[in-house]
Structures are given as structure tokens and as C-alpha cells.
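The residues making up each chain are set out below.
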Amino acid sequence: MKKGKKLYEGKAKIIYACAEKNLVIQHFKDDATAFNNQKKSVIEGKGILNNRISEHILTCLSQAGIKNHLVKRINMREQLIKYVSIIPIEFIVRNIATGSLTKRLGIEEGTVLDNPLIEYCLKDDKLGDPLISKEHILTFKWATKKEIEKIDKQLNRINDFLVGMFRGVGIKLVDFKVEFGRLKNSNEVILADEISPDTCRLWDMNTDKKLDKDRFRNNLGNLVEAYQDVARRLGILHEQSNIRPIKFPRPKAVKLKKNK
Ligand code: TMP
Ligand code: ASP
């Protein structure tokens, strides 16, 4: 699929036009940012892993009847996706309290929530993506009541599905962020975002080891190794892919015995 002009560049992805009118190409960058772009780095291989992990998760969600923008992965870094107009809201679902929830409300880190908590943030970098209420969404017409009702239902279904999928591979889904968009031709609202360790918090079931972008946010290191661990557990990365070249010690100089 031939890439057309760049339509949009975000912090971790670029969207390009393509020959098909209602489709676009999504390119996953290696760029990592945190705290509204204040912390930045390039982490080699991150984009490739997110492309594969997100493809796997969105394909599973489609099979479970949750429509989303993925058409197909086209190469190591790119996917063909449906062209949507993005609703300017970041939808966050939380199962365990951490991150901004603990800071904002003083809830104890690690508190397991009785029910998933949905939060809405306005997608506006200049304002620092502020938390908003449903009433703000309706008052300022960022989405309709019907759309939000549908999205809330889908968020709960997505959460149920992901919690189960990750539990099966020994990972706790702590929280995640997704966006939704309206299809260009029908205005139907569908899930239109990556789902990857960049946009979820994933903790190892037994040790609570962080396997997500908090490794970058909190300077924990080994981000690629953690994302590889997630991919391997989901069955999309073969064991061999992580084998590093083995460094053999230099052979010691051997003194040859002179033949007597
Ligand atoms: P938070 O605790 O920092 O509000 O993050 C909640 C979840 O949303 C967490 O899984 C990380 C994800 N997230 C993004 O994907 N993009 C963002 O810009 C932010 C702030 C959070
Ligand atoms: N991606 C966001 C940023 O760069 C924040 C985050 O993921 O923590 O600002």
C-alpha cells in the first residue's frame, strides 16, 4: 500500500493518507514521551512491538464483536486503519488505583476498585488533558448522550475482555486509555486507538513488576525487555526473537608444546 501525504503527527504515531479514500496508514514511532511531552526519548524497537501488540489485541477485540479501526498490519511499523474523526476525549478505565488517580484524590496506591472506574479527559495538550465530567462533554458538544452511553458500554466490554486476556498470561490490567472516532462515511462511533503497553498499565500477577510505559515515566529502565515480555506472553513473539548474540570469551593463547 503506497503512502500518501502526512495527515497528522502525534507523539508516538504518524497518520498518512493512502489510495483508499476511507482508510489511512498508521505508523508507530520509537518516540516515548511522558508528562505532557516534558520527558522525551527515543527507544529503539518500541514502535515495532506496539504495532504487533496492538494488532493482536485489536484483532481479538474484533473477534469478540468489538468494532475498531484496524483493517490489517501492513509491515513492521505500519497498519492500515479506518479513517475516523477522533472524538477529543481520552477515555480512561481503572481497575487498580495508581498514577494520576492516587495523586489527585489521595487514594492509596494499589487499591483494588470494586468496579471499573471510567474517567474522561479532554484531549488537549496545551491544557494538559484535564479531567472533565460527562456534563462537560454534553454541554460543549464533544459527543452526544447516545454516543457516550455506547462508549461507556464498550469500555466495560473492552475492560472485561482485556482483564481476562491478560489474567490468562499472568498480568494484571491496572488501567488503560483509549480514544474513539466517528467513521467518515456513516458517523458510527468505533474504538480508534492503539492498545499497547504505552497506553495500559500492566503489572506481573505475582511480583507487581511493571511491564508498561511507567518503566520510562519512572526511570525504571528495560522498557523494551518488558514490552517483549508482554508480547511473548501473548504468544506473538517467539522465544528466539529475544536471543541476544552470545559473547564468547576470547580464546586464550595456547602455548604449543614443541615436539621433542
Ligand atoms: P494516569 O494515571 O497518568 O492518568 O494514566 C491512566 C492511564 O492512561 C494509564 O494506563 C496511562 C494512560 N495514559 C495514556 O495512554 N496517555 C496519556 O497521555 C496519559 C496521561 C495516560
Ligand atoms: N503520552 C503522554 C505525554 O507525552 C503522557 C503519558 O503517557 O504519560 O505527554
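Residues numbered from 1 in each chain as written. Chains lettered and ligands numbered in written order. Predicted model: local features only at pLDDT ≥ 70, side-chain atom pairs only at ≥ 80, totals over all residues. Heavy atoms only, no water.

Colleague: Can you help me understand the confidence of the model for the chain in this one?
Modeller: Close inspection of predicted coordinates is inappropriate in any region flagged by low pLDDT. Across the chain, the average pLDDT comes to 93, with 92% of residues at or above 70. At the level of individual helices and strands, the chain shows its lowest average pLDDT in strand E1 (residues 3–9), which scores 96, and its highest in strand E9 (residues 89–96), which scores 99. Note that pLDDT drops below 50 for residues 243–249; the model gives that stretch 1 contact with residues more than four away or on any other chain. (pLDDT = per-residue confidence, 0-100. Helix = DSSP H or I, 4+ residues; strand = E, 2+ residues; numbered from the N terminus. Contact = heavy atoms within 4.5 Å.)

Colleague: How do you make sense of the pattern of salt bridges when you look at a structure like this?
Modeller: Note that side chains of opposite charge can pair when their charged atoms are close. Using the criterion set out here, one finds 28 salt bridges in the structure. Residue Asp30 is joined to Arg77 by a salt bridge in which the shortest nitrogen-to-oxygen separation is 2.9 Å. Of this pair, Asp30 sits in the loop between strand E3 (23–28) and strand E4 (31–34) while Arg77 sits in the loop between strand E6 (70–73) and strand E7 (78–82), placing them 47 residues apart in sequence. By relative accessible area, Asp30 is classed as buried at 11%. The exposure class assigned to Arg77 is partly exposed, which follows from its relative accessible area of 21%. With its nearest N and O atoms 2.7 Å apart, the salt bridge here joins Asp208 to Lys172. Note that Asp208 is positioned in the loop between strand E15 (200–204) and helix H5 (214–217) and Lys172 in strand E12 (residues 171–178), a separation of 36 residues in sequence. (Salt bridge = Lys/Arg side-chain N within 4 Å of Asp/Glu carboxyl O. Buried < 20%, exposed > 50% of the residue type's maximum accessible area, 1.4 Å probe, protein only.)

Colleague: Is there a simple way to explain the nonpolar core in this structure?
Modeller: Across soluble globular proteins, nonpolar side chains show a tendency to be buried alongside one another. By size, the foremost hydrophobic cluster in this structure holds 48 residues, and its most contacted members are Phe91, Ile158, Leu162, Phe166, Phe180 and Ile195. Of all the elements, helix H4 (residues 145–167) adds the most residues to this core, at 8 residues. Phe91 has contacts with Glu119, Tyr120, Ile148, Ile151, Leu155, Phe176, Lys177, Val178, Glu179 and Phe180, leaving out every residue within four places of it along the chain. Ile14, Cys18, Leu23 and Ile25 belong to the second largest nonpolar core, which has 6 residues in total. (Core = buried A, V, L, I, M, F, W, Y, C linked by side-chain atoms within 4.5 Å.)

Colleague: Is there a simple way to explain the site of ligand 2 in this structure?
Modeller: Taken together, the neighbourhood of ligand 2 is formed by Lys11, Thr33, Ala34, Phe35, Asn36, Asn37, Lys213 and Arg217. Interatomic distance of 2.6 Å between a backbone N/O atom of Asn36 and an oxygen atom of ligand 2. One nitrogen or oxygen atom from the side chain of Lys213 is found 3.0 Å from an oxygen atom belonging to ligand 2. Taken together, the residues of the shell around ligand 2 break down into 2 nonpolar, 3 polar and 3 charged. (Near = heavy atom within 4 Å. Polar contact = N/O pair within 3.5 Å; in protein donor to acceptor, adjacent residues only side chain to side chain. Nonpolar A, V, L, I, M, F, W, Y, C, P; charged D, E, K, R; others polar.)

Colleague: Explanation requested: helix H1 (residues 46–63) in the structure shown.
Modeller: Residues that lie three or four places apart on an α-helix share one face, since the helix turns once every 3.6 residues. Taking 1.5 Å per residue, 18 residues should reach 26 Å; H1 reaches 26 Å between its end C-alpha atoms and fits that length. Those residues of H1 not exposed but buried are Lys46, Gly47, Leu49, Asn50, Asn51, Ile53, Ser54, Ile57, Leu58, Cys60 and Leu61. (Expected span 1.5 Å × (residues − 1).)

Colleague: Explain helix H6 (residues 223–233) here, please?
Modeller: Burial within H6 is extensive, with 9 of its 11 residues counted as buried. What H6 keeps buried is the set Leu223, Val224, Ala226, Tyr227, Gln228, Asp229, Val230, Ala231 and Arg232. Against the buried residues of H6 lie H1, H4, E12, E15 and H5.

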